[in-house]
Amino acid sequence: MPVFEYAPAPESRSVVDIRSSYGLFIGGEFTDSTGDTSFKTISPATEEVLADITEATADDVDRAVKAARAAYRGVWGRMSGADRGKYLFRIARILQERAREFAVLESLDNGKPIKESRDVDIPLAAAHFFYHAGWADKLEYAGLSPAGTPAPRPVGVVGQVIPWNFPLMMLSWKIAPALACGNAVVLKPAETTPLTALLFAEVCQQADLPPGVVNIVTGAGATGQALVGHPGIDKIAFTGSTEVGKAIARTIAGTRVRATLELGGKAANIVFDDAPVDQAVEGIVNGIFFNQGHVCCAGSRLLVQESAHDEVVRKLKRRLSTLRVGDPLDKNTDLGAINSAAQLDKIRELSGIAETEGAERWSPACDLPSRGFWFPPTVFTGVSQSSRIAQEEVFGPVLSVLTFRTPQEAVAKANNTPFGLSAGVWTEKGSRILWMADQLRAGVVWANTFNQFDPTSPFGGYKESGYGREGGRHGLEGYVTTGDIA
Ligand code: TAP
């Protein structure tokens, strides 16, 4: 096989202007905290400190919720959908104009390869604003209120908590539909990736968004808890782990607060022996190694038909040997850094357990940088259904390979986890795809592809992967009510 040498192709970071410290974005301005606690956000690829970030206190969260309520009552909740749409279009266009800046900042703060932040995260974030801008003046026609009930109205003030794996994209999945429907928001980004949310706050200023419609409070779990438990919140939209999702559900149980929860996953990527193998191998690689496997819908369990197992695994290993792991800002990098030391520990721990449970571990030869948080692409073969690596979310570049003989067995194994977010099916038979999609308890089923995202398509889970949908017409449902206005 010919070996291609790549010269370094680093993206310049001169396009970003990171401040040494950031305040909280409340009421349209960056403000100081009532407390005096801050934390550092670092580049996971080098451990370089990027900025000092304010940790919002419960009082700060209270100020943000009040600012959102005032903006909702005074301006945003009363504005016509057509006018709201203009602001969303404006935000979308600014995101496009500043796309390079956002992409570099995202890769610096998160560790993901620049080709992914440039070609996936940022374009999709802009697309979510464009898409929802279009809905803002058409909500009455979206079939959101049953016949004879009042037209859909905003819910009020929405508290939003997002994870670190797709920081700006998750922000857009949350803020765009909320604003399109006339709600004001208080959003808490993840502790390890606050920078693009803070740059987004500048975009809100640039777009002349009325003060208080979007508020960004940075902090860790305690800030998230203060937001979730605040009595002035009408709805919680959360993306993150199932564990925290359950805690949120307990906090709001018995209150009038509504919630959408987008939680973890353990997707099966199912390859039949009639699938085009080379194409399936690309789909397997994309399914689990995209974004270092920090993907809730990652195809982390490869279910391959027994008769195709050896060929698929052989070709997969050959393909993985060509992946380039390293500097996230290099345009040729396929796998960047693990987002945090804590996440790296979790990946190492579960991989160690897989070995002790009898699975066979394989990684291609690759030089990992000496500083930062790194884990090589890893494949476990001979994994049993009950193994922890086959049941628990690793959230890293680790693939478990299992086999099956019949479609029925594939379905039984695929459905045998507490999760149900996504799945993939690879076969040449259309009828089998439809049958499988019908049987799989997964919110999204991809056929002969994987990890396709589009703002027009609803995304969400079954079972412990959460409830509610984001994106598409279904995603609007969580942000409107046909009851009393808040
Ligand atoms: P979590 O630990 O759940 O954190 C998610 C967010 O919640 C972060 O902003 C976090 O703050 C905050 N948080 C932590 N404890 C909280 C509490 N008690 N109350 C309120 N907020 C709290 O998850 P993670 O480690 O960041 O993300 C990985 C998980 O998210 C994976 O399980 C993954 O599957 C899931 N995920 C799901 C989806 C969808 S769409 N289903 C998408 C992406 C990720 P800190 O940052 O300070 O911890």
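Our structure is the block above this text.
I will try to describe carefully the structure that is included in this document.

Points about the packing of helix H2 (residues 81-97) against helix H6 (residues 195-206)
The N-to-C vectors of H2 and H6 enclose an angle of 125°; their axes lie 10 Å apart at closest approach. Between H2 and H6, the angle is such that the two are oblique. For the pair H2 and H6, the crossing hand works out as right-handed. Contacts from Ile-91, Ile-94 and Leu-95 in H2 reach Phe-200, Val-203 and Gln-206 in H6. Of the residues contributing to the contact of H2 with H6, the split by class is five nonpolar, one polar and no charged.

Remarks on the site of the ligand
As a matter of local geometry, the ligand sits amid 28 residues, with Ile-162, Glu-191, Ser-241, Leu-263 and Glu-393 nearest to it. Contacts to the ligand include Gly-221, whose backbone N or O atom sits 3.3 Å from an oxygen atom. For the ligand, an oxygen atom lies 3.2 Å from a polar atom in the backbone of Gly-240. For the ligand, whose unbound accessible area comes to 900 Å², protein coverage reaches 87%. Elements with a contribution of two residues or more to the shell around the ligand: helix H7 (221-228) and strand S10 (235-239). The element best represented in the shell around the ligand is H7, accounting for four residues. When its residues are assigned to classes, the shell around the ligand shows 15 nonpolar, nine polar and four charged.

A closer look at the pairing of strand S4 (residues 38-42)
Judged by which residues are buried, S4 turns out to be one-sided: Phe-39 and Thr-41 face inward and are buried, whereas Ser-38, Lys-40 and Ile-42, on the alternate face, are not. As paired strands, S4 and strand S5 (residues 49-54) are joined by five bridges and run antiparallel to one another. Its bridge partner being in S5, Ser-38 is matched across the sheet by Thr-54. Two successive antiparallel strands, S4 and S5, enclose a turn made up of six residues, where Glu-47 displays a positive phi of approximately 65°.

Quick word on the pairing of strand S11 (residues 258-262)
Across the five residues that make up S11, a large majority, four, are buried. Bridging between S10 and S11 involves five bridges; their strand directions are parallel. Bridge pairing links Phe-238 to Leu-261 in S11. Read from S10 through helix H8 (residues 242-252) to S11, the crossover connection turns out right-handed. The pairing of S11 with strand S19 (residues 466-467) spans two bridges and is classified as antiparallel. Bridging across to S19, Leu-261 finds its partner in Tyr-467.

What about the sheet that holds S5?
Taken in spatial order, the three strands make up an open sheet running S1-S5-S4, and their pairing is mixed. Two strands in the sheet have a free side with no partner beyond their single neighbour: strand S1 (21-22) and S4.

Focus: the environment of Pro-407
Tracing the backbone through its elements, the reader meets Pro-407 in helix H13 (residues 407-414). Sequence separation between Pro-407 and Phe-272 is 135 residues, and the spatial gap between their C-alpha atoms is 8.5 Å. Ignoring anything within four residues of it in the chain, the contact list for Pro-407 reads Phe-272, Arg-432, Trp-435 and Met-436.

Let's talk about helix H3 (residues 99-110)
Residues that lie three or four places apart on an α-helix share one face, since the helix turns once every 3.6 residues. Between its terminal C-alpha atoms H3 stretches 16 Å, which fits the 16 Å expected from 12 residues at 1.5 Å a residue. The buried fraction of H3 is high, at 10 of 12 residues. Every buried residue belonging to H3 is among Glu-101, Phe-102, Ala-103, Val-104, Leu-105, Glu-106, Ser-107, Leu-108, Asp-109 and Asn-110, and all of these are buried. Of the surrounding elements, those touching the buried residues of H3 are S4, S5, H2, helix H4 (114-135), helix H5 (167-180) and H6. Gly-111 occupies a position one or two residues after H3 and carries a positive phi of about 95°.

Considering the sheet that holds strand S13 (residues 301-305)
Spatially, S14-S15-S16-S13-S12-S17-S18 is the arrangement adopted by the seven strands of the open sheet, whose pairing is mixed. Of all strands in the sheet, those with a lone pairing partner are strand S14 (360-362) and strand S18 (444-447), marking the two edges. Recorded for the sheet is a direction-independent mean angle of 20° between the axes of neighbouring strands.

Brief notes about the nonpolar core
Among the nonpolar cores identified, the biggest contains 109 residues, and Phe-200 and Val-214 are the most heavily contacted of them. With 10 residues, the top contributor of residues to this core is H5. Dropping the residues within four chain positions of it, Phe-200 is found in contact with Ile-91, Leu-95, Phe-102, Phe-129, Leu-168, Leu-171, Ile-175 and Val-214. Membership of the second largest hydrophobic core comes to 29 residues, among which are Ile-270, Val-394, Leu-402 and Ile-433.

Examining the packing of H2 against H4
The geometry of H2 relative to H4 is characterised by a closest axis approach of 8 Å and an angle of 165° between their N-to-C directions. As judged from the angle between their axes, H2 and H4 are roughly antiparallel. Between H2 and H4 lies a crossing of left-handed hand. Across the interface between the two elements, Gly-85, Leu-88, Phe-89, Ile-91, Ala-92, Arg-93, Leu-95 and Gln-96 from H2 touch Ile-122, Ala-125, Ala-126, Phe-129, Phe-130, His-132, Ala-133 and Gly-134 from H4. Its residues assigned to classes, the contact of H2 with H4 comprises 11 nonpolar, four polar and one charged.

Remarks on unusual backbone geometry
The phi dihedral of Asn-291 is positive, around 55°, even though this residue is not glycine. Topologically, Asn-291 is positioned in the loop between helix H9 (277-289) and S13. A relative accessible area of 1% means that Asn-291 is categorised as buried. At Asn-451, a position not held by glycine, the phi torsion is positive, near 55°.

Some thoughts on the packing of aromatic side chains
Under the definition given, this model contains 12 aromatic pairs. Between Tyr-131 and Trp-135 the ring centres are 6.4 Å apart and the planes differ by 90°, which places this aromatic pair in the edge-to-face class. Here Trp-135 and Tyr-131 lie together in helix H4, a separation of four residues that amounts to about one turn. On the basis of relative accessibility, which here comes to 16%, the residue Trp-135 falls in the buried class. Taking 5.3 Å as the distance between ring centres and 70° as the angle between the ring planes, the aromatic pair formed by Trp-173 and Phe-459 counts as edge-to-face. In this pair, Trp-173 is assigned in helix H5 and Phe-459 in the loop between S18 and S19, connecting sequence segments 286 residues apart. An aromatic cluster of at least three residues, connected via ring pairs, comprises Trp-173, Trp-446, Phe-450, Phe-453 and Phe-459. A cation over a ring is seen here: Arg-19 above Phe-30, with NZ or CZ 4.6 Å from the ring centre. Lys-235 extends its terminal NZ or CZ atom over the ring of Tyr-479, reaching a point 4.7 Å from the ring centre.

The rules behind these values
- Residues numbered from 1 in each chain as written.
- Predicted model: local features only at pLDDT ≥ 70, side-chain atom pairs only at ≥ 80, totals over all residues.
- Heavy atoms only, no water.
- Axes fitted to C-alpha atoms, helices over the stretch in contact; angles between N-to-C directions.
- Helix = DSSP H or I, 4+ residues; strand = E, 2+ residues; numbered from the N terminus.
- Parallel < 35°, antiparallel > 145°, perpendicular 65-115°, else oblique.
- Left-handed = near helix turned anticlockwise from the far one by under 90°.
- Contact = heavy atoms within 4.5 Å.
- Nonpolar A, V, L, I, M, F, W, Y, C, P; charged D, E, K, R; others polar.
- Near = heavy atom within 4 Å.
- Polar contact = N/O pair within 3.5 Å; in protein donor to acceptor, adjacent residues only side chain to side chain.
- Areas by Shrake-Rupley, 256 points an atom, 1.4 Å probe, with all protein chains shown as cover.
- Buried < 20%, exposed > 50% of the residue type's maximum accessible area, 1.4 Å probe, protein only.
- Pairing = 2+ DSSP bridges.
- Right-handed = clockwise from strand over helix to strand, strands pointing away.
- Expected span 1.5 Å × (residues − 1).
- Core = buried A, V, L, I, M, F, W, Y, C linked by side-chain atoms within 4.5 Å.
- Phe/Tyr/Trp six-rings, centres within 6.5 Å; stacked < 30°, edge-to-face > 60°.
- Lys NZ or Arg CZ within 6 Å of the ring centre and 35° of its normal.

Remember that the coordinates give geometry; whether it matters functionally is a separate question.
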